[in-house]
Structures are given as structure tokens and as C-alpha cells.
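Listed below, chain by chain, are the residues.
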Amino acid sequence: MRKYFKLLLALLVLLIFVGTFVFLWKKSQPQPVVYEEFFPEMGDISKTSIVTGKIEPRNEVSVKPQISGIITEILKEAGDLVSQGEVIAKVKVIPDMNQLSSAEARLRLARINVGQAKTDFDREKMLFDKGLVSREEYEKSLQTYNQTSEEVKAAEDNLEVVRDGVSRSNASASSTLIRSTISGLILDIPVKVGNSVILSNTFNDGTTIATVANMNDLIFRGNIDETEVGQLTAGMPMSITIGALQNLNFEAQLEYVSPKAVESNGANQFEIKAAVHVPGGSSIRSGYSANAEIVLASAQQVITLPESAIEFENGESFVYLVKGSDENKTYERRAVKTGLSDGLKIEIKSGLTTKDKVRGPKKVEEE
């Protein structure tokens, strides 16, 4: 029994050895080279470029106060629609002490002048009534009195404006009421009630009360590489895709290509702008990231072939035509003239017909 067990074990070892030898021998044998094969096809081909950018309103306005003060009330919030001239917020004036002192002094002086003018006018009127002075002198005193009276009113208005930001004579146009300068959508209100604000001047841009934009007039803004910018012309159609809106697509038209490049990540790029045509009912927010597809060149109904089947050598293009039967294939090298390429397919201008079978790259066997 033990003898049979040893014979069986030896036979098993021998079988493993022979099997391994046969497997390695087969693996070492040269495998026949198999190529992919293609027939040229008629079709359209286009070269496109994808530009990354964002959607933004063409006109975005920062609303700033005309006076310095403290925000006392905010009547709108981001997302509200406003009309030109509509009040967004109210400001309480913090008067400048120098201006306030000057306004008060001006009013005191005006009241002194009008008092003296009133006395002079009363005297001249009494004399005129008695026929002791000429009408010219009487009218001159009346004019002086009227002028000083108007100066008092102007000084009072000036004091109210400096002290309160508004006067009784111009209450409807008060600078304490912050009004929108355009009609549109409020994008942002960066201030809160109680915040101090300052007016714009030579040394300061002023505090932004609100940002308002017309969201019915949108543009796409992006950058394109210098290798492709030479193929762009104003008026070219573009397709805009906004990923945040479930890949919603819009049509656009190229309006502007910057004449000057900017460096970005070591490459020269040119800014482009395109008018976006938004269909009615679509809700677009300012700042959405978007991709713009631009067709740089196209050819319709031409002979096309996968670019992997083309061999490029010394500026010329070649293909290998398949000849013979499946058992005895031969390959004929032929020069062809190529045209537009989209990276996958290439246009064949001459040298092939749709009946020619062309050799492609080697097939890769899956292990």
C-alpha cells in the first residue's frame, strides 16, 4: 500500500512538472500580431475649445452714501428687486463740528444783516411816503432787504443739512435716504443697522451700502490660451454650460477678446467676454461657474478616419491599406492628405475612399 502511494505521488509531481513546462513553452511562442481595422466614414468634424469662467451681470453698481453717518434703517435685503430711485436704507448724520460751527455763524450773520436791512427799509419807506426820497432809493433798500431775507433762509437750510442731513425745503431729495441708482436685483447689502458709513471722496472710496445689478443682461467672462486666441472673432457663437444648474445650457455670442495677455499658471491667456442669451423663466445667480464651448473650425460631410490609424512622418501623413484575405493579409503604405482634427477623428482630404479598409493600431489582448 505504501509502495502505491509513493508511485501516485511521483506521478503527480511529474504531471505538475510537465504541465508547467508546456505552459511556459506556449507562453514563449511568438503570438500573431492583430491590428484593428477601419473603414473611412463620411461625417462632420469640428475643432472646439473649452473655456472655464463665470457668469456675471454686465452692469453691477455699488450704491454709496452722499453723507457720512450711521445706518438707522435698512428697507431692502439681498435678492429684492428695486427700481431706480427706490430707497434702500436710511442714514443718521454725524455732523462735522467745523462745518456745523461755520453754518451756525453764517446763520447768525445773516440774521444780523436782515435786521439791519429791515431797519433801513422801514426808514426809506417812511421817507418815500412823505416824498423825501426818490423811488430808486426806495426800491434799492427793498432789494437789499429781500436779498438778506433769502440769505437767512439759505443759511437755515444749510444748517439743517449740516446738522440733520435734510432741510425742510428739500426733504424729498434728502441725502439721508440711500436710493438705488439703477433698476435691478440687489446682490448684496454688506452693512447692518448701526454701522458707520462714510461718503466717497478724493481719499476714500466710501462705504458700499448695496450692490445692484441688472440680471437680465448677463455676460460670460473667461480666459483662453494664446495658442487658440488667434482663431477667435467677435460674433462667434458659443455654448455655455452651468454645472450648478444640472448642466443647463445657454447660447452666447462672443463680444470681446482682450488685446493684452495675462499670465496664469505660467501660461499667457487672454480674457474673453460673451453675451449670454438666457431664456425666460431661467433663474441665474451672479458668479456661477460655467464652461463655454467654442467651435474654432468645422467641416461638414467629409471623409473621416480615427487619428490613431494615421502615421505622421517628416510632415507627411500615411496609412496602411489592408489587402488580401483574412488568412493572408498584406498591408500597403499610402500617403494621404489630412485636414481638420478634433483629437479623435481626422479629416482625409485625399488618398482614401469609403471603400478602403485601413489598418489601425495593434489590438491589446486582455490577460
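Everything discussed here concerns the structure shown above.
Just so we're clear, the structure is a prediction, and the values are computed from it rather than from any experiment.

With reference to specific residues and values, describe the side chain of S258.
Relative to the assigned elements, S258 resides in strand β13 (residues 248-264). Within the local environment of S258, its side chain forms a polar contact with the backbone oxygen of K260, the two atoms lying 2.9 Å apart. Sequence-distant contacts of S258, defined by excluding residues within four places in its chain, comprise F270 and E271.

Can you lay out the sheet that holds strand β9 (residues 196-197) for me, pointing to particular residues and giving the numbers?
As a general point, the strands of a sheet are linked pairwise by backbone hydrogen bonds and lie either parallel or antiparallel. Overall, antiparallel pairing links the four strands, which are arranged β7-β6-β4-β9 in an open sheet. Every other strand in the sheet has two partners, leaving β7 (177-179) and β9 as the edge strands with one partner each. As defined by bridge partners, strand β6 (residues 87-93) adjoins β7 across three bridges and the pair is classed as antiparallel. Following the sheet pairing, K90 is matched in β7 by L177.

Which residues make up the nonpolar core, and what are the values?
Counting residues in each nonpolar core, the largest one holds 26 residues, and the members touching the most others are I55, F220, L232, M238, I240 and I272. Leaving out residues up to four positions away in the same chain, I55 has contacts with L218, I219, F220, I240, I242, V276, I284, R285, S286, G287, Y288 and A290. Judged by nonpolar contacts, the second largest core, of 16 residues, contains I178, I189, V191 and V197.

So what's going on with the environment of E150? Residues and values would help.
Relative to the elements of secondary structure, E150 occurs in helix α3 (residues 135-164). Residues E150 and V114 lie 36 residues apart in sequence; the distance between their C-alpha atoms is 9.0 Å.

Outline the sheet that holds strand β3 (residues 60-63), supporting the account with residue identities and numerical values.
As summarised here, the arrangement of the four strands in space is β3-β10-β8-β5, forming an open sheet in which the pairing is antiparallel. The strands lining the two open edges of the sheet, one partner per strand, are β3 and β5 (81-82). One ladder, built from three bridges, connects strand β8 (residues 184-188) with strand β10 (residues 210-213); its direction is antiparallel. Bridge pairing in β10 places D188 opposite T211.

For the packing of aromatic side chains, give the residues involved together with the corresponding values.
Counted according to the given criterion, the structure contains two aromatic pairs. Their ring planes at 35 degrees and their centres at 5.7 Å tell us that F121 and Y138 sit as a pair that is tilted. Residue F121 is located in helix α2 (residues 97-129), and its partner Y138 is located in helix α3; the two are separated by 17 residues in the primary sequence. Pairing F121 with Y145 gives two aromatic rings, centres 5.7 Å apart and planes at 5 degrees, and the pair type is stacked. Remark: Y145 occurs in helix α3 and F121 occurs in helix α2; sequence separation between them is 24 residues. Residue F121 is classed as buried on the basis of its relative accessible area, which comes to 11%.

The rules behind these values
Residues numbered from 1 in each chain as written. Predicted model: local features only at pLDDT ≥ 70, side-chain atom pairs only at ≥ 80, totals over all residues. Heavy atoms only, no water. Helix = DSSP H or I, 4+ residues; strand = E, 2+ residues; numbered from the N terminus. Polar contact = N/O pair within 3.5 Å; in protein donor to acceptor, adjacent residues only side chain to side chain. Contact = heavy atoms within 4.5 Å. Pairing = 2+ DSSP bridges. Core = buried A, V, L, I, M, F, W, Y, C linked by side-chain atoms within 4.5 Å. Buried < 20%, exposed > 50% of the residue type's maximum accessible area, 1.4 Å probe, protein only. Phe/Tyr/Trp six-rings, centres within 6.5 Å; stacked < 30°, edge-to-face > 60°.

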